[in-house]
Amino acid sequence: MDKAELLRLDREHVWHPCTQQKDHELLPPIPIVRGAGVYLEDIDGNRYIDGVSSWWVNLFGHNHPRLNRALTDQAGRIAHHIFAGFTHPPAVELASRLSRLAPGELPRVFFADNGSAAVEVALKMSFQYWQQTGHPGKTKFVSLSEAYHGETLGALSVGGCELYRQVYRPILLDGFQVAGPDCFRCPYGQSRQSCAAECFGAMEQLVTERHQEIAAVIVEPLIQGAAGMRIYPPRYLQKLRQLCTTFSVHYIADEIAVGFGRTGRMFANEHAGVAPDLLCLSKGITGGYLPLAVTLTTETIYQAFYDDYSTGKAFLHSHSYTGNPLACAVAVEVLNIFEEEAVLAALGPKMRLLESQAERFEALPHVGEFRRCGMVAAVELVQDKNGKIPFPWQERRGLQVYRQALRRGALLRPLGNVIYFMPPLSISEEELQTLLDIAFEAIAAATA
Ligand SMILES: *Cc1c(COP(=O)(O)O)cnc(C)c1O
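Residues numbered from 1 in each chain as written. Predicted model: local features only at pLDDT ≥ 70, side-chain atom pairs only at ≥ 80, totals over all residues. Heavy atoms only, no water.

## Re the domain arrangement of the protein chain
Consideration 1: What the domain assignment lists for the protein chain is domain 1 (31–59 + 345–446) and domain 2 (70–340).
Consideration 2: In this complex, domain 1 contributes 28 residues to the contact, which on the side of domain 2 involves 23 residues.
Consideration 3: Of the roughly 2,200 Å² buried where domain 1 meets domain 2, counting both sides, 66% is carbon and sulfur surface.
Consideration 4: Contact with domain 2 buries surface across domain 1, with Trp56, Leu59 and Cys373 losing the most and accounting together for 29% of the total.
Consideration 5: Viewed at the interface, domain 2 and domain 1 are joined by two salt bridges.
Consideration 6: Our count for the domain 1 to domain 2 interface comes out at 13 residue pairs in polar contact (both at pLDDT 80 or more).
Consideration 7: Of all the secondary-structure elements, those providing two or more residues to the side of domain 1 that touches domain 2 are helix 2 (53–56), strand 13 (367–373), strand 14 (376–381) and strand 16 (418–421). (Domains from an automatic or database assignment. Contact = heavy atoms within 4.5 Å. Buried area = accessible area lost by both parts, 1.4 Å probe. Salt bridge = Lys/Arg side-chain N within 4 Å of Asp/Glu carboxyl O. Polar contact = N/O pair within 3.5 Å; in protein donor to acceptor, adjacent residues only side chain to side chain. Helix = DSSP H or I, 4+ residues; strand = E, 2+ residues; numbered from the N terminus.)

Below is the structure:
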């Protein structure tokens with residue numbers, strides 16, 4: 001199929017995610033035919049550095065020999081089978097190894113096939129736990145403004161990005177939302193270094209007053225991703241853990257985006273030295289190869305479901321592709337790579353390179369802040385630096401940066417006025433420097 005035919009059929013039949021399809025009149029989708037390392041290659045032979053890890057999933061680059069082999073080896077045995085009443089070696093190995101790696105004691109692992117589903121599982125487990133342990137009034141969830149936990153209705157109910165949520169409001173669950181940390185425009189006049197998470201006050205007050213109605217608090221630890229890579233200090237998580245323990249409320253950590261090394265540690269909760277009651281993982285779990293997700297939980301929660309069948313206490317949630325063997329086999333190989341290739345230990349120079357860019361980017365007239373956490377960095381564009389006044393969203397400055405960067409050979413897919421870097425962990429220092437240089441030129445051009 002040639003390019004013209006491909007794009008014609010795409011236009012006629014394919015409805016793309018998170019897209020106003022009419023935008024394709026101006027900017028048709030780019031057909032990708034292969035990948036190699038951090039590069040994507042299109043049908044015309046153009047190459048793009050995958051600066052966003054293909055929506056935050058890729059860890060070790062595209063077309064990775066070890067992951068390819070793990071996938072084809074498993075395909076040569078069996079691709080998929082029912083996971084109720086049956087089990088298989090990759091799922092068992094993955095569950096036991098994730099339990100050992102996870103913060104705290106989370107020995108029980110429930111499988112699903114995407115991040116939103118892992119969040120639904122966590123919410124339902126928490127709710128059902130309280131129903132079955134004599135607290136039927138604990139039915140609500142607390143989440144942060146600007147939070148992102150996925151697009152299905154339950155996950156959207158605990159989301160705070162109005163862009164994705166507003167139209168569905170009438171059909172979402174009723175819950176509590178608390179103002180999340182906003183360190184760039186901190187209302188307390190603090191900096192990330194000096195703060196004591198003063199903004200936690202709102203959460204403290206709500207949970208103290210309403211804990212009898214609250215099943216769980218869900219947050220994205222350290223980085224509110226879709227909000228524009230809003231980075232906040234570990235102190236907030238320490239206070240949250242303490243508060244949840246005091247008032248018997250579950251702490252659900254959504255590490256779907258930040259897990260698997262993105263923050264420089266395996267899991268973001270490690271920076272705070274705390275452990276959640278439920279931990280949601282997906283995205284990087286298969287290195288960006290296949291859809292897979294897990295929800296890990298404690299023995300205490302598990303035991304509230306463990307009883308004779310007739311008690312009706314089982315967790316009856318399921319998905320057709322639960323525990324898919326191909327995905328699990330690749331995920332096991334991802335853990336092998338982390339271990340055998342000392343991936344986390346090799347991140348130091350790359351994190352320092354990112355950090356060293358702050359001054360350079362912040363010297364640009366329309367950059368309000370350059371912030372970083374681990375291997376994630378973000379540039380916040382502003383119309384006016386002193387007042388931290390954002391560009392009007394209608395101007396779509398981010399989209400202009402996107403187009404400028406594509407022309408120069410990098411895929412950067414901004415979140416509104418925030419340009420961010422979340423490259424595969426395997427990116428070389430040289431490739432990272434190229435990505436940063438392209439972004440710098442693209443931002444300068446798009447805000448001139
Ligand atoms: C991407 C994401 C999700 C949803 O995962 P999907 O696989 O896209 O459904 C949930 N939470 C966070 C923090 C995410 O970044």
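From this point on, the discussion continues.
## Description of the site of the ligand
Consideration 1: Surveying the vicinity of the ligand reveals the residues Trp56, Asn114, Gly115, Ser116, Tyr148, His149, Gly150, Glu220, Asp254, Ile256, Ala257 and Lys283.
Consideration 2: At a separation of 2.6 Å, an oxygen atom of the ligand approaches a polar side-chain atom of Ser116.
Consideration 3: Lys283 is positioned such that a nitrogen or oxygen atom in its side chain is 2.6 Å from an oxygen atom of the ligand.
Consideration 4: Protein chains bury 83% of the 380 Å² of accessible surface belonging to the ligand in isolation.
Consideration 5: Among the residues making up the shell around the ligand, the classes are represented as four nonpolar, five polar and three charged. (Near = heavy atom within 4 Å. Areas by Shrake-Rupley, 256 points an atom, 1.4 Å probe, with all protein chains shown as cover. Nonpolar A, V, L, I, M, F, W, Y, C, P; charged D, E, K, R; others polar.)

## Notes on the pairing of strand 2 (residues 39–42)
Consideration 1: Across four bridges, strand 1 (residues 32–36) lies against strand 2 in antiparallel orientation. Bridge pairing in strand 2 places Ala36 opposite Tyr39.
Consideration 2: Between strand 1 and strand 2, which pair antiparallel and follow one another directly, the connecting turn spans two residues, one of which, Gly37, has a positive phi of 60°.
Consideration 3: Taken together, strand 2 and the strand that follows it, strand 3 (residues 47–50), pair antiparallel across an intervening segment of four residues, in which Gly45 is found at a positive phi of about 90°. (Pairing = 2+ DSSP bridges.)

## Examining the nonpolar core
Consideration 1: Counting 114 residues, the largest nonpolar core has Met203, Phe260, Phe361 and Phe421 as its most contacted members.
Consideration 2: Among the elements that make up this core, the one with the highest residue count is helix 12 (residues 325–340) (nine residues).
Consideration 3: Counting only domains with at least three residues in this core, you end up with domain 1 (31–59 + 345–446) and domain 2 (70–340).
Consideration 4: Setting aside residues no more than four positions away along its own chain, Phe421 makes contact with Gly51, Phe361, Phe370, Met375, Val376, Ala377, Val379, Leu412, Leu435, Leu436 and Ala439. (Core = buried A, V, L, I, M, F, W, Y, C linked by side-chain atoms within 4.5 Å. Buried < 20%, exposed > 50% of the residue type's maximum accessible area, 1.4 Å probe, protein only.)

## Regarding the sheet that holds strand 4 (residues 108–112)
Strand pairs in the sheet, formed through backbone hydrogen bonds, run parallel or antiparallel to each other.
Consideration 1: In space, the seven strands of this open sheet follow the order 4-12-11-10-7-5-6, with mixed pairing throughout. What marks the edges here is a single partner per strand, and that holds for strand 4 and strand 6 (176–178). On average, each strand axis in the sheet is inclined to that of its neighbour by 20°, with strand direction left out of account.
Consideration 2: Pairing of strand 7 (residues 214–219) with strand 10 (residues 250–254), which is carried by four bridges, proceeds in the parallel orientation. (Axes fitted to C-alpha atoms, helices over the stretch in contact; angles between N-to-C directions.)

## Quick notes on the sheet that holds strand 1
Consideration 1: Spatially, the four strands line up as an open sheet ordered 1-2-3-15, and their pairing is mixed. Either end of the sheet is taken by a strand with one partner, and the two such strands are strand 1 and strand 15 (410–411).
Consideration 2: Note: strand 2 against strand 3, three bridges, orientation antiparallel. Counterpart to Tyr39 in the pairing with strand 3 is Ile49.
Consideration 3: In the packing of helix 16 (residues 429–446) onto the sheet, contacts are made with strand 2, strand 3 and strand 15, and the angle to strand 3 comes to roughly 100°.

## What to know about helix 9 (residues 235–246)
Consideration 1: Between the first and last C-alpha of helix 9 there are 17 Å, a value that for 12 residues agrees with the 16 Å anticipated at 1.5 Å per step.
Consideration 2: Listing the buried residues of helix 9 in full gives Tyr236, Leu237, Leu240, Arg241, Leu243 and Cys244.
Consideration 3: Looking at the buried positions of helix 9, the neighbouring elements they touch are strand 5 (140–144), helix 8 (201–210), strand 7, strand 10 and helix 10 (269–272).
Consideration 4: Backbone geometry just after helix 9 places Ser248 at a positive phi near 50°. (Expected span 1.5 Å × (residues − 1).)

## Considering the packing of helix 4 (residues 89–101) against helix 12
Consideration 1: At their nearest, the axes of helix 4 and helix 12 sit 8 Å apart, and the two run at 40° to each other. Considering their axes alone, helix 4 and helix 12 lie oblique with respect to each other. Helix-helix and strand crossings are classified by hand; for helix 4 and helix 12 the assignment is left-handed. Where helix 4 abuts helix 12, its residues Pro90, Ala91, Glu93, Leu94, Arg97, Leu98 and Leu101 lie against Pro325, Cys328, Ala329, Ala331, Val332, Leu335, Asn336 and Glu339. (Parallel < 35°, antiparallel > 145°, perpendicular 65-115°, else oblique. Left-handed = near helix turned anticlockwise from the far one by under 90°.)

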